[in-house]
Amino acid sequence: MEYAAFVSQALEQFKTLPEETDELYKRYFVAMPLEAMGKAIMEQKPAQMSTQNQIKEVIESLERKFEAIIWSNGEMVESKNIRVIRSRELGSNLIEGLMTKSSEDKIAAFLQAHSSRTIMIDVPKGETARLNVLLVNTTSPLPVQILVSVEEGATLNLFEYYTSSTSEQSLLGSLHEIRSGKHSSAEINVVHNEDKNTLSLGWLKAEGEERCNLKINFVYNGGTFTRSRNKVDVAGFEANTEVNELILSAGDQKMDISTNITNTAKNSNAVLESKAVLMDRSICLLKGYASIMKNAAGSRSYVNERGIVLDKTAHLDSIPSMSIGNSDVKATHSSATAPMDEESIFYLMSRGASEIEAKKMVINGFISGIIGKIDDVIVREIVASIINEKVTTKGFGTVPKVTTESLWLAGTAQKSSSIFKGHYKYRGE
Amino acid sequence: MELEIKELHVSIDEKEIVKGVNLKVRSGEFHVIMGPNGSGKSTLAKSIMGHPKLKVTQGEILADGESVIGMSADKRAKMGIFLQFQNPIEIEGVGFVNFLHTAKRSVVQGDVDVNQFMGEIKQLTEKLKITNGIVGRSLNQGFSGGEKKKAEILQLAVMKPKLAILDEPDSGLDIDAIKTVAENINEIAAKHQMSILIITHYSRVLSYMKPQFVHVMANGRIVAEGSTELIEKLEKDGYESFTNKG
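Below is a short write-up of the structure. Computed from a predicted model, the values in this text were never measured in an experiment.

What counts as what
Residues numbered from 1 in each chain as written. Chains lettered and ligands numbered in written order. Predicted model: local features only at pLDDT ≥ 70, side-chain atom pairs only at ≥ 80, totals over all residues. Heavy atoms only, no water. Phe/Tyr/Trp six-rings, centres within 6.5 Å; stacked < 30°, edge-to-face > 60°. Buried < 20%, exposed > 50% of the residue type's maximum accessible area, 1.4 Å probe, protein only. Helix = DSSP H or I, 4+ residues; strand = E, 2+ residues; numbered from the N terminus. Lys NZ or Arg CZ within 6 Å of the ring centre and 35° of its normal. Pairing = 2+ DSSP bridges. Axes fitted to C-alpha atoms, helices over the stretch in contact; angles between N-to-C directions. Contact = heavy atoms within 4.5 Å. Polar contact = N/O pair within 3.5 Å; in protein donor to acceptor, adjacent residues only side chain to side chain. Buried area = accessible area lost by both parts, 1.4 Å probe. Salt bridge = Lys/Arg side-chain N within 4 Å of Asp/Glu carboxyl O.

In this section: the packing of aromatic side chains. Working definition: an aromatic ring pair is given by the centre-to-centre distance plus the angle between the planes. Under the definition given, this model contains seven aromatic pairs over all chains. Here Phe159 of chain A and Tyr161 of chain A contribute two aromatic rings whose centre-to-centre distance is 6.1 Å and whose plane-to-plane angle is 50°, an arrangement assigned as tilted. Considered together, Phe159 of chain A and Tyr161 of chain A belong to a single accessibility category, that of buried residues. Consider the rings of Tyr347 of chain A and Phe99 of chain B, whose centres lie 6.1 Å apart with planes at 15°: the pair is stacked. You can see Tyr347 of chain A sitting in helix 8 (residues 342-349) and its partner Phe99 of chain B sitting in helix 3 (residues 96-108), one on each of two chains. The rings of Phe346 and Tyr347 of chain A together with Phe85 and Phe99 of chain B are connected pair by pair, giving a single aromatic cluster. Of note, Lys275 of chain A hangs over the ring of Phe366 of chain A, and the distance from its end group to the ring centre comes to 4.9 Å. Between Arg351 of chain A and the ring centre of Tyr347 of chain A, over which it is positioned, the NZ or CZ distance is 4.9 Å.

Next up, the structure:
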């Protein structure tokens, strides 16, 4: 399909997403600084020698075997469940078209159409797979499409770790399409820890079929600008889906995260839980949208967005919203944002913790509920270490020093089944 | 630890709460401050611990002869000052045992053997009759009023300070729990030769304890001082006769 035709089609598709036409959302829209960053971010450049070292360093630090390593100029795959298909390379004429018609969603559409590679992850019927994918953004752009298929009765635990090795501004784009088949079980952990030179775009579409258990955990920690659009359809009878988002921003980081959960089948459950910690001058727009379709009787939906803003110069807009098309459902949405509680800090300091230790404890406690939802203990350890680094030094994108010290954070995870306990039953018109 | 407070004035948001308090607690002594609501007892306690919102406008707080004014709360804790909170703060996600371990490490300023520490916690929870698995929960979250107070005393026992300021250790406790808490405070204080300063409205908890000095606080000042006879007088006459003096 020609680029122009694709963009046109994609834009039509975007118009159907309620959050893209929401007036409140439009008011707080975070503009992507693509023009300011210049064309350089889209140019193909020779591989940097440091990329291999970066990969080696990350693997050693994370103490994790990666079944697939994808970087801007190459890849390595060692798994029967993963295949990489090369698509056409980025062409300069297409980039020109993109730059002149600067429209935010065209960029995502563009990435979807022109991903240089497609990673296909497939877990056949009844099988179990534990897969780790390392994605390294270098000076050249890395737009990839990741297709995940967990077939009937299969189990997948997927860990995607995004890092960068670039001395210049560069673009990372990841576009997911995930299908969790009947009676399947999948946990997908997407951890972003790119450096300040990376502009990150994400677009995810997932669908959960009958009686599946699909859990997607996002950690947004790296990148100078992150824009992520996620759409999860709970499309099967008694299907369970859960999306957990953890956002940590410092310095001048900008995060624009929008997630849409939709119940389209009877007795289906959808949970969206987001927690954000903002420091310095960082900005975050956090949008959680839940919709329950007319034919989704007996279904349950829960959206909860919470944030701590540490500095007066940081800015968080959290906008939860719901659209309910059936009266026989349970639905809740909530949002709360506050500065750091001074009484909590004093209490911890009165027990000998320094101010920074006390703040770390409060932040870690705040986000522990989300970290605790990561079933993979090693991933939990990695995430806790990244967060520890961020809260201590405000740094991101570096190779994390993984320790087990923060693992106790995971002790207070709330099971999604208990989230709905006591929630009111919606009685629509 | 010897605590000496000289002509202390403390304000919050430009409003003076403590209006010239003088108090001396010598090493190993047991003092009690009684007084009606709003008399400035808790503000005095928090100012000794170094609450950042409280401004010492005049006077001095000396711990073993060293001024603590301007010192952060964690440094005061490391010196050996402990404040049991009247309303302990609930902190989501911070595991109680991990918090205790961190607190212990902070005050001893070194490593604490985990196995030995867990053994100590087990013994102390049994002594304090702490049930319902609060040690496995987040700090003070979902604790009953009684559990919160017992958890504070557990922290006192773990941290072993030189000076313990106990702000209403009895409020919210049933009769049996008051006795348990009081007996544990007595034992901990005696074992570690702590200086104790208890703040309370009621004399019930003091029937299980033996304070040496009693101070009555009203309107931001100490308006009466004496021994345990003063408690009997308070029981008989109430705070009103003292309030007028303030």
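Moving on: the sheet that holds strand 10 (residues 221-226) of chain B. Residues and elements named next belong to chain B. Taken in spatial order, the six strands line up as 6-7-8-3-9-10 in an open sheet, and their pairing is mixed. Looking at which strands have only one partner, the edges of the open sheet turn out to be strand 6 (81-84) and strand 10. Sheet twist, expressed as the mean angle between neighbouring strand axes with direction ignored, is 20°. Two strands pair when backbone bridges link them, and strand 9 (residues 213-218) and strand 10 are joined in this way by five bridges, in the antiparallel orientation. Looking across to strand 10, one finds that His215 is bridged to Glu225.

Turning to the environment of Thr313 of chain A, a few remarks are in order. Residues and elements named next belong to chain A. Its location among the elements puts Thr313 in the loop between strand 17 (300-309) and strand 18 (315-324). The exposure class assigned to Thr313 is exposed, which follows from its relative accessible area of 54%. Residues in contact with Thr313, not counting those within four places in the same chain, are Asp280, Arg281 and Ser282. At a separation of 2.7 Å, a polar atom in the side chain of Thr313 contacts the main-chain carbonyl oxygen of Asp280.

Attention shifts here to the sheet that holds strand 4 (residues 55-63) of chain B. Residues and elements named next belong to chain B. If you walk across this open sheet you meet the four strands as 2-1-4-5, and the pairing is antiparallel. Each having just a single partner strand, strand 2 (15-25) and strand 5 (66-67) make up the two edges of the open sheet. Both strand 4 and strand 5 contribute to a ladder of two bridges, which runs antiparallel. Looking at the pairing, Leu62 lines up with Ser67 of strand 5. Against the sheet, helix 1 (residues 41-49) engages strand 1 (3-12), strand 2 and strand 4, with an angle of about 110° to strand 1.

Let's shift gears to the interface of chain B and chain A. Opposite the 34 residues of chain B that make contact, chain A presents 23 residues. Of the roughly 2200 Å² buried between chain B and chain A on both sides combined, carbon and sulfur atoms contribute 64%. Taken together, chain B and chain A are joined by three salt bridges. Seen at the junction of chain B and chain A, the total is twelve residue pairs in polar contact (both at pLDDT 80 or more). Of all the secondary-structure elements, those providing two or more residues to the side of chain B that touches chain A are helix 1, helix 2 (73-79), strand 6, helix 3 and helix 5 (145-159) of chain B.

Take the environment of Glu183 of chain B next. Inspection of the secondary structure puts Glu183 of chain B in helix 6 (residues 175-191). Separated by 21 residues in the primary sequence, Glu183 of chain B and Lys162 of chain B have C-alpha atoms spaced 18 Å apart.

Below, the discussion takes up the pattern of salt bridges. By the definition in use, this model includes 31 salt bridges over all chains. Among the ionic pairs, Glu126 of chain B bridges to Lys122 of chain B, the shortest N-O distance being 3.2 Å. Remark: Lys122 of chain B and Glu126 of chain B occur in helix 4 (residues 114-127); sequence separation between them is four residues, near one turn of the helix. Judged on exposure class, the residue Glu126 of chain B and its partner Lys122 of chain B are both exposed. A single salt-bridge network, built from bridges that share partners, covers Arg64, Arg130 and Asp376 of chain A.

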